[in-house]
Amino acid sequence: MASLPILKSADSNPTRDAALIAGATGIAAALVILGLLGNITIAAAFLATAIVGGGGMIVFRRLFPSSAGEGAEPDWALARTLAAASADAVAVTDRAGRLVCANDHYEALFGGFPTPPGLPFDGDGAERIGVAGRRAWRDGTATLDRLVTRGASVVADIACAGEDGDLLVWRFRQTMRVNLAATVEELVAGRIGEQFGRAGIMVTLIGHDGRVIAANSVLRARAMGHADAAITGRDFARFLITDERGLVRFEREGMLKNPLRVLQIPFVEGDDAPMLVALIDEEQSGAPAVGASASAHVQTLVALMPFGVALVGNDGRFLQMNESFARAALVDPAAPPVYPGDLVVREDKGVLADAVRRFASGATHSTDLAIRLKDHPDEPVALSIAGARGLGDAAVLLSLKDNGEETRLKREVAQATKMQAVGQLAGGVAHDFNNILTAIIGHCDLMLMRHSPGDSDYDDIQQVRANSNRAASLTRQLLAFSRQQTLRPQVLQLPDVVSEVSQLLKRLLGESITLKVKHGRNLAPVRADPGQLEQVVVNLAVNARDAMLAKPPKGGAVLSIRTFAMTASDVRRMGSDILPVGDYVGLEVSDNGAGIPPDVLPKIFEPFFTTKDVGKGTGLGLSTVYGIVKQSGGYIFADSKPGQGAVFSIYLPVHTASAPVADPVIAPPGKPLDLWGSGTILLVEDEDMVRAVAERALTRQGYTVLGAEHGEAALELLASHPRPDLLVSDVMMPLMDGPTMVRHARKLYPDLPILFMSGYAEETLRKSIDLENVAFLAKPFSVQQLAEAVRAMMGAKGLGADAS
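Residues numbered from 1 in each chain as written. Predicted model: local features only at pLDDT ≥ 70, side-chain atom pairs only at ≥ 80, totals over all residues. Heavy atoms only, no water.

Student: Where do I start with the sheet that holds strand β26 (residues 726-730) in this structure?
Tutor: Strands belonging to one sheet form pairs held by backbone hydrogen bonds; the direction of such a pair is parallel or antiparallel. Ordered in space as β25-β24-β26-β27-β28, the five strands form an open sheet in which the pairing is parallel. Only two strands of the sheet have a single partner each, and these edge strands are β25 (704-708) and β28 (774-778). Strand-to-strand twist of the sheet, defined as the mean angle between neighbouring strand axes without regard to direction, takes the value 20 degrees. Of the pairings in the sheet, the one linking strand β24 (residues 680-684) to β25 comprises five bridges and is parallel in character. Bridged to L683 within β25 is G707. (Pairing = 2+ DSSP bridges. Helix = DSSP H or I, 4+ residues; strand = E, 2+ residues; numbered from the N terminus. Axes fitted to C-alpha atoms, helices over the stretch in contact; angles between N-to-C directions.)

Student: What is the right way to read the sheet that holds strand β1 (residues 89-94) from this model?
Tutor: Across the sheet, five strands lie side by side as β2-β1-β5-β4-β3; this open sheet has antiparallel pairing. The open sheet has two edge strands, β2 (99-102) and β3 (141-149), and neither has a second partner. Strand-to-strand twist of the sheet, defined as the mean angle between neighbouring strand axes without regard to direction, takes the value 20 degrees. Where β1 meets strand β5 (residues 167-174), six bridges bridge the pair, whose relative direction is antiparallel. Bridge pairing links D94 to L167 in β5. Across the sheet, helix α5 (residues 125-139) is in contact with β1, β3, β4 (152-161) and β5; its angle to β3 comes to roughly 170 degrees. (Contact = heavy atoms within 4.5 Å.)

Student: Honestly, the packing of helix α14 (residues 494-509) against helix α15 (residues 530-550) in this entry has me stumped. Any pointers?
Tutor: Packed helix pairs are specified by the crossing angle of their axes together with the interaxial distance, meaning the distance between the axes. In contact at an axis separation of 9 Å, α14 and α15 are set at 40 degrees when each is read in the N-to-C sense. In terms of orientation, α14 lies oblique with respect to α15. Considering the relative orientation of α14 and α15, their crossing is right-handed. Each of L494, V497, E500, V501, L504, L505, L508 and L509 in α14 lies in contact with α15, whose residues at this interface are P530, L533, E534, V537, V538, A541, V542 and R545. Taken together, the residues of the contact of α14 with α15 sort by class into 13 nonpolar, no polar and three charged. (Parallel < 35°, antiparallel > 145°, perpendicular 65-115°, else oblique. Left-handed = near helix turned anticlockwise from the far one by under 90°. Nonpolar A, V, L, I, M, F, W, Y, C, P; charged D, E, K, R; others polar.)

Student: When you look at the packing of helix α19 (residues 711-720) against helix α20 (residues 738-748) in this model, what are you seeing that I'm missing?
Tutor: Direction vectors running N to C along α19 and α20 enclose 10 degrees, while the axes themselves pass 10 Å from each other. Of the possible angle classes, the one that applies to α19 and α20 is roughly parallel. Residues G711, A714, L715 and L718 of α19 form the contact with α20, whose participating residues are M741, H744, A745 and L748. Looking at the contact of α19 with α20 residue by residue, the classes come out as six nonpolar, two polar and no charged.

Student: Just checking my understanding: could you explain the packing of aromatic side chains for this structure?
Tutor: Aromatic rings considered in pairs are described by the distance between their centres and by the relative angle of their planes. The final tally for this structure, using the stated rule, is 12 aromatic pairs. With a centroid separation of 6.4 Å and 20 degrees between ring planes, the pair formed by Y106 and F113 is classed as stacked. Relative accessible area serves as the criterion here: at 32%, F113 is assigned to the partly exposed category. By way of ring pairs, the aromatic residues Y106, F110, F113, F121 and F172 are connected into one cluster. (Phe/Tyr/Trp six-rings, centres within 6.5 Å; stacked < 30°, edge-to-face > 60°. Buried < 20%, exposed > 50% of the residue type's maximum accessible area, 1.4 Å probe, protein only.)

Student: Explain the pairing of strand β6 (residues 201-206) here, please?
Tutor: Side-chain direction in a regular strand flips from residue to residue, so the side chains alternate between the two faces of the sheet. Buried residues dominate β6, accounting for six of its six residues. Residues I201, V203 and L205 line one face of β6 and the alternating positions M202, T204 and I206 line the opposite face, and both faces are buried. As paired elements, β6 and strand β7 (residues 212-215) share three bridges and run antiparallel to each other. Within the sheet, the bridge partner assigned to T204 lies in β7 and is A215.

Student: Got a minute to help me understand unusual backbone geometry in this structure?
Tutor: Excluding glycine, a negative phi dihedral is what most residues carry, and trans is how most peptide bonds are arranged. Cis peptide bonds are those with omega within 30 degrees of zero, and the linkage from P116 to P117 qualifies with 5 degrees. Looking at the secondary structure, you find P117 in the loop between α4 (104-110) and α5. Put simply, K779 and P780 share a cis peptide bond, and its omega is -5 degrees. Looking at the secondary structure, you find P780 in the loop between β28 and α22 (783-796). In the Ramachandran plot, L330 falls in the positive-phi region, its phi being about 60 degrees despite a non-glycine side chain. Residue N522 is not a glycine yet carries a positive backbone phi of 55 degrees. Looking at the element boundaries, N522 is found in the loop between β18 (513-519) and β19 (526-528).

Student: Sorry if this is basic, but what is going on with α19 here?
Tutor: Helical geometry: 3.6 residues make up each α-helical turn, so side chains three or four residues apart lie on a common side. Listing the buried residues of α19 in full gives G711, A713, A714, L717 and L718. Looking straight down α19, one finds that the buried residues subtend no more than 160 degrees of arc, so they occupy a single side. Structural note: α19 exposes E716, A719 and S720 on the side pointing more than 90 degrees away from its buried face. Against β24, β25 and α20 lie the buried residues of α19. (Arc of directions from axis to C-beta.)

Student: Where do I start with α14 in this structure?
Tutor: With 16 residues, α14 should cover 22 Å at 1.5 Å per step; its first-to-last C-alpha distance of 21 Å lies within 8% of that length. Its axis deflected by about 40 degrees at S502, α14 carries its strongest bend there. Every buried residue of α14 is listed here: L494, P495, V497, V498, V501, S502, L505 and L509. In this fold, the buried residues of α14 make contact with β17 (490-492), β18, α15, β20 (557-566), β21 (584-591) and β23 (646-653). One or two positions beyond α14, positive phi appears at G510, with a value near 85 degrees. (Expected span 1.5 Å × (residues − 1). Bend = angle between axes of the 7 residues up to and from the residue.)

Student: What is the right way to look at the pattern of salt bridges in this model?
Tutor: Following the criterion strictly, the structure yields 20 salt bridges and no others. A salt bridge links D235 to R238; the nearest nitrogen and oxygen atoms lie 3.8 Å apart. For D235, a relative accessible area of 26% puts it in the partly exposed group. Residue D546 is joined to R545 by a salt bridge in which the shortest nitrogen-to-oxygen separation is 3.1 Å. Shared partners join several salt bridges into a network, and the residues in it are D88, D157, R171 and R173. (Salt bridge = Lys/Arg side-chain N within 4 Å of Asp/Glu carboxyl O.)

Student: Which parts of the structure should I look at to understand the side chain of R691?
Tutor: You can see R691 is positioned in helix α18 (residues 688-700). Here E685 takes part through its backbone oxygen, which lies 2.6 Å from a polar atom of the side chain of R691. Residue contacts for R691: discarding those within four places in its chain leaves L683, E685, D686, G707, A708 and E709. (Polar contact = N/O pair within 3.5 Å; in protein donor to acceptor, adjacent residues only side chain to side chain.)

Student: How should I be thinking about a nonpolar patch on the surface in this particular structure?
Tutor: Residues F433, I436, I440, V464 and M689 make up a contiguous nonpolar surface patch of about 350 Å² in total accessible area. With three residues, the top contributor of residues to the nonpolar patch is helix α12 (residues 404-448). Inspection of the secondary structure puts F433 in helix α12. Here F433 falls in the partly exposed class, since its relative accessible area comes to 32%. (Patch = residues over 30% accessible without salt bridge, like charges linked within 9 Å, V, L, I, M, F, W, Y side chains within 5 Å. Areas by Shrake-Rupley, 256 points an atom, 1.4 Å probe, with all protein chains shown as cover.)

Student: What is the right way to read the environment of G634 from this model?
Tutor: For G634, the location among the structural elements is in the loop between α17 (621-631) and β22 (635-640). For G634, a relative accessible area of 2% corresponds to the buried category. Taking the C-alpha atoms as reference points, G634 and Y651, 17 residues apart in sequence, are found 5.4 Å from one another. Leaving out residues up to four positions away in the same chain, G634 has contacts with V629, Y651, L652 and P653.

As C-alpha cells, this is what we get:
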C-alpha cells in the first residue's frame, strides 16, 4: 500500500457486504462441490462465476475513529488492509485531481503511481478514461472497457465516494483469462488449493500423459511425505495402490490407512486435455469424510449458487432448486413443479424423464439437453444433467442457464436487422416507383395542354393525374420509413410541437375520447423537423383512436401525451441495450384500449402491415413514424399488454450547441411570372420514359434539349457540342452516376449550373451532390414544376431572358 496522504476504506453497505460475502462463500462452495461431484460441467461453471463475482468490491470513504473530532488522524492500518484485500488496481483522487491513495496492484499494473486520468493506456485510452471520470463526477458512476496498458486488457469502474462526494474511486480490473487449464493450475497450486486442503480435500491437476502438473500441499505431504516435496512431472499412478476390493490408498501409507475416494473431473474437452483429480478420505463404511451432515451442507451451498441448480432424488422428484433455477425455468412460486418434466412442453417430457432416470441409475458423464419450457415453447434452452454422488437423497443434479436476456437481445437484433432490410427494399421500390409516376404525371400534363375543361377526355386525364399524386404520397411514406425523406430540421422545444397539434387532435379524436397532455419541466431543446414530428403525434393518436373505438374501454377512452426529460442516469437505470447512455427528451403516447396482441407487437412498424379491415388502412402509418424518429436520430419503443392499452415511447437526443448546419440546397421557391425561355439544356436521364417527357416539356418551353441516357454519353455530347446553358441530370445512373459526370463536366465548364433530379430523397444524396451552383428537384414532378425549376436556374444566371 503506497504511503499517500489520504486513505481509503470500505463504506458500510449491507447490500454490498452481502454481495462480497456471497462471492467469497461462492468460491468455498465451488471447492466443496468440486470435491463431492463426479462431474465438472456444473461445478466448474460455478467456480468461474464465483471467481468473477468474488473479486471483491471496495467502496471508499474517509475513516475517522468514532470518537474523534473533525481533525482526527485517519485509521491508516485499516484502510491499508482493506485496499490490499482487493485483487484489482485501486486508486483514489480528490476534487483537485490529486492522487491521494493507491494500492500495490495499482503500482504493479501501471508501473508506478500515475494520477488518473493521465494513465499509460494505448491509443486514445487516456482521453476516454478522462471523459469517463467527468461522467462519474456528474452521474455518480462510470464504466469503461477495452482499455489496454502494457499488454493487459483492463476494465475501469469509477465511482464518486466520500461523505461529501469529494472523492473518485478508480478500480481497474483485468479481464479473465480464457485459458481455463492455466487458471485451474494456478488455483490448485495456490491459495485456493490450500483452502481445499484445510477442508480435507486433496487436489491435483494431471496431464494427458498421467503426470502431475500441479498439486496442493496436503496431497504432496500424503503422497511423498513432505508438503514441500517436488511432485510436478511425476507419474501420479505410482503414488496409489489398490487392494482386492478395489479400494485406493496412497502407496507410502500402506493398506492400514483409510481408503480414498478418487474423483476424476474432465473439465476441458480433448484427448490431450488435463484432468482435475480430487481425493477424499473415506471411512471403511464408505461414508464420506465430511460427515453425515454432508447432504445438509450441500443443500445450503446449492441455495447460495449464483447460477441455476436443482437436485432430483431417485424417484425423479425435485428435492431442491435455488432461486436462479426457478427464475430461469419460469417457475410459479405458488405452484412449484413436482417433476422436471412439469417444466417442459409435452413433446420433451419423455426425453427429459429418460435422461433423469439414466443418471439416477449411475451414469457418470454429464449431458446437455435442448428443451423447450412450456411457458416459452418457441425458445429452446440448454439443460445440463449430471449424476450426483455423496449428496444424500439427491441422485441427479440439474443446471439451467437463464437465457432470458440473451434471447431478448437476439430477438431485438433480428428485428433491427429485418427493419433495416425492409427499409432498404422500401427505399428502392419508392425510387423506381417515382420514376414511373414522373412519366405518368408528365404525360397527363402534356395531354391536358391539348384539352380544355369542356373536352370529354379532360376529366379522365385529371382523374389519372389525381390518382398518380395519391400514389406519390405513398412513396413519400415509404421514403419516410426507409429514412430517406427530405427533412428540414430546426432546434425546437418538444412541448411546443405537441401544443401546436393539440387542437387538431381534439377534432380528430372526437367527443368520445378524452385527450390528456402533460409536459415535464426544464426540458432541453431537440433538433428535428417540426412538421414531421407533428405527423408522428397525429399518426400515433389516430392509431390509438381507431383501437379504442373498435373496442371501447370501460370507464371511457383516454389518450395521454406526455413529454419528459431523460438523463443519462435514467437511461443507465433503464438498462436498455438499444438506447445509448445520454440525455434525451421523451415523448410518450399511451391509450387505455385493448392493447396490442403479443404476436402482432413485433410487426407493427413494418410497412403495409395492418390489423385494420380491408380498405381502412395502408399499413404505412406506424412505419412512417418509425422512419421519421430514426432519421431524426431518435429511438422509439412500443410496449403493450392485452387489456392494458399501448404505450409508444420516443426518445430524441438533447441538442447541444455546435457548428451551424448548412441549409439544404433546393430549387428556389416561388413561381416565375413567365416560364418561357431560350438556351441549350443537356438532359441526362437513364429512364427512357422520364427523359422523353422532360425533353418534350422543355422543348415546349422554348429550350433546345440535348438528351443523353447516361453520364458517359453526356460527356461525349459536351465534347462535340458548344457549351450548354444548363445541365439537368438524374443522380443515380448506371455506368457513371450524376455527381461523377458533373465533376468531369466542371473541368470543361467550371461555372456550368446544375439541376439534379432523383427519386431518392435529397438528404440521402446530400454528400454526393454537395457542389456549388446546384439545385435539386425531387421526383415525381410535374411539367410545371420542371419548367419552374429550370427557369429559376436559368434566370439566376441571366439566361433565357427572352420572356419579355
